[in-house]
Amino acid sequence: MTENAEVPEPAGTINPPPAVKLTWVDTVAPAVTRPYLRLSRMQGPIGTWLLYIPCLWALALAILATESYGMRDLWTVIGCGIGALLMRGAGCTWNDITDRDFDGHVERTKMRPIPAGEVTVKSALVWMVVQCLLAFGILITFYPTAIILGILALAPVAIYPFAKRFTWWPQAFLGIAFNWGALLAWAAHTNSIGPVPLVLYATGIAWTLFYDTIYAHQDAEDDALIGVKSTARLFGDKSRQWLRMFMTLTILLFGLAVVLACIERSVLSLVIAIGGPWALGWHLTWQLTKFDSDDNAVLLRLFQSNRDAGLIPLPFFALAYLV
């Protein structure tokens, strides 16, 4: 972005750009694989967790609703986890391909493999296809409804990188893509779709609007310079009010999904399960109290804390099944 910008290091180098924390990708992975692993963001698992967690929510509520579980559900947990890793990697690779002309002008992204010259667009496309094919191999082990949903998921994944060019709400498009697992995991247990997964899907979208608006504030200034849209830029000084609305919507929708899933269960089971959204709400409230749109370190820490936030409801659901 500036004339004094450092020349990117050769592909496979152990030492990343200054101010970049060393990860296992930089120190353990074979040198030839490092640019591709960085394309897939393997050095930062938070995105995989945020893709995976809606799957766990949906499977847990499906088990509560049907009052049954088996070895197929264990495979769903494993398969969705591996699938989330692969599809998050494929999605990030696609995002970097489509954003290659933008990333070189944004401080946080200018050293990504494509703008840094470590990977060609053709090689990145091949890597993306490989990840998709591996994920498809897992998908075909699920029920037919889940397979169809998994294939349909490619549409929002393909559209998302372009959203910031034509709408101020790219975070909503990310929510549509990132929470598809809520539909898929429910179908992996029941081979059907119903009100519970649809409400849970809407829950995830609201949650994504919350955490990704926080994340987007890191790039707000650079985005303004290059003309990229985001909810962070749209909301500006009113972001805290919008975040509070997304938080409230997340908890209300999540609570509704839990009630619908547990409607045939005991009152005690329902009360315990409702504790999941309630506890998540307290974590989101804490994030809101710490929110500072001018402190990128705080913004990143809050965004990353959503892994823990998303896992909080699961023990409540497990206990609700046991009573």
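Preceding this section is the structure that the text describes.
A brief structural summary. Given the structure is predicted, the values throughout are model-derived calculations rather than measurements.

**Some details on helix α6 (residues 121-139)**
Here comes step 1: Relative to the 27 Å expected for 19 residues at 1.5 Å per residue, α6 spans 27 Å between its end C-alpha atoms, a close match to the ideal helical length.
Here comes step 2: Buried within α6 are the following residues: A124, M128, Q131, A135, I138 and L139. The arc enclosing the buried residues of α6, seen along the axis, measures out at 100°, which places them on a common side. Looking at α6, the residues exposed on the side facing more than 90 degrees away from the buried face are K122, L133 and L134.
Here comes step 3: Buried residues belonging to α6 abut α2 (34-39), α4 (71-98), α7 (144-152) and α10 (181-190).

**Some details on helix α14 (residues 239-261)**
Here comes step 1: Taking 1.5 Å per residue, 23 residues should reach 33 Å; α14 reaches 33 Å between its end C-alpha atoms and fits that length.
Here comes step 2: Residues of α14 that are buried include every one of S239, L243, F246, M247, T250, L253, F254, G255, A257, V258 and A261, and no others.
Here comes step 3: On its buried side, α14 packs onto α3 (46-66), α11 (195-216), α13 (231-235), α15 (267-290) and α18 (313-322).

**Here we look at unusual backbone geometry**
Here comes step 1: One non-glycine residue, R41, lies in the positive phi region at around 60°.
Here comes step 2: Here R41 is to be found in the loop between α2 and α3.
Here comes step 3: At N191, a residue that is not glycine, the phi angle is positive and equals roughly 60°.
Here comes step 4: Here N191 lies in the loop between α10 and α11.

**Description of a negative patch on the surface**
Here comes step 1: On the surface, E221, D237, D292 and D294 cluster together into a patch of negative charge.
Here comes step 2: In this fold, D292 is placed in the loop between α15 and α16 (296-304).
Here comes step 3: Assessed through its relative accessible area of 33%, D292 is described here as partly exposed.

**Remarks on the packing of α3 against α18**
Here comes step 1: It is the contact of α3 with α18, at a shortest axis distance of 10 Å, that shows an interaxial angle of 15°. When the axes of α3 and α18 are compared, the pair comes out roughly parallel. The interaxial crossing formed by α3 with α18 has left-handed handedness. Touching L56, W57, A60, L61, I63 and L64 of α3 are P313, L314, F317, A320 and Y321, all from α18.
Here comes step 2: Grouping the amino acids of the contact of α3 with α18 by side-chain chemistry returns eleven nonpolar, no polar and no charged.

Criteria and thresholds
- Residues numbered from 1 in each chain as written.
- Predicted model: local features only at pLDDT ≥ 70, side-chain atom pairs only at ≥ 80, totals over all residues.
- Heavy atoms only, no water.
- Helix = DSSP H or I, 4+ residues; strand = E, 2+ residues; numbered from the N terminus.
- Expected span 1.5 Å × (residues − 1).
- Buried < 20%, exposed > 50% of the residue type's maximum accessible area, 1.4 Å probe, protein only.
- Arc of directions from axis to C-beta.
- Contact = heavy atoms within 4.5 Å.
- Patch = residues over 30% accessible without salt bridge, like charges linked within 9 Å, V, L, I, M, F, W, Y side chains within 5 Å.
- Areas by Shrake-Rupley, 256 points an atom, 1.4 Å probe, with all protein chains shown as cover.
- Salt bridge = Lys/Arg side-chain N within 4 Å of Asp/Glu carboxyl O.
- Lys, Arg positive; Asp, Glu negative; His and termini not counted.
- Charge placed at Lys NZ, Arg CZ, Asp CG, Glu CD.
- Axes fitted to C-alpha atoms, helices over the stretch in contact; angles between N-to-C directions.
- Parallel < 35°, antiparallel > 145°, perpendicular 65-115°, else oblique.
- Left-handed = near helix turned anticlockwise from the far one by under 90°.
- Nonpolar A, V, L, I, M, F, W, Y, C, P; charged D, E, K, R; others polar.

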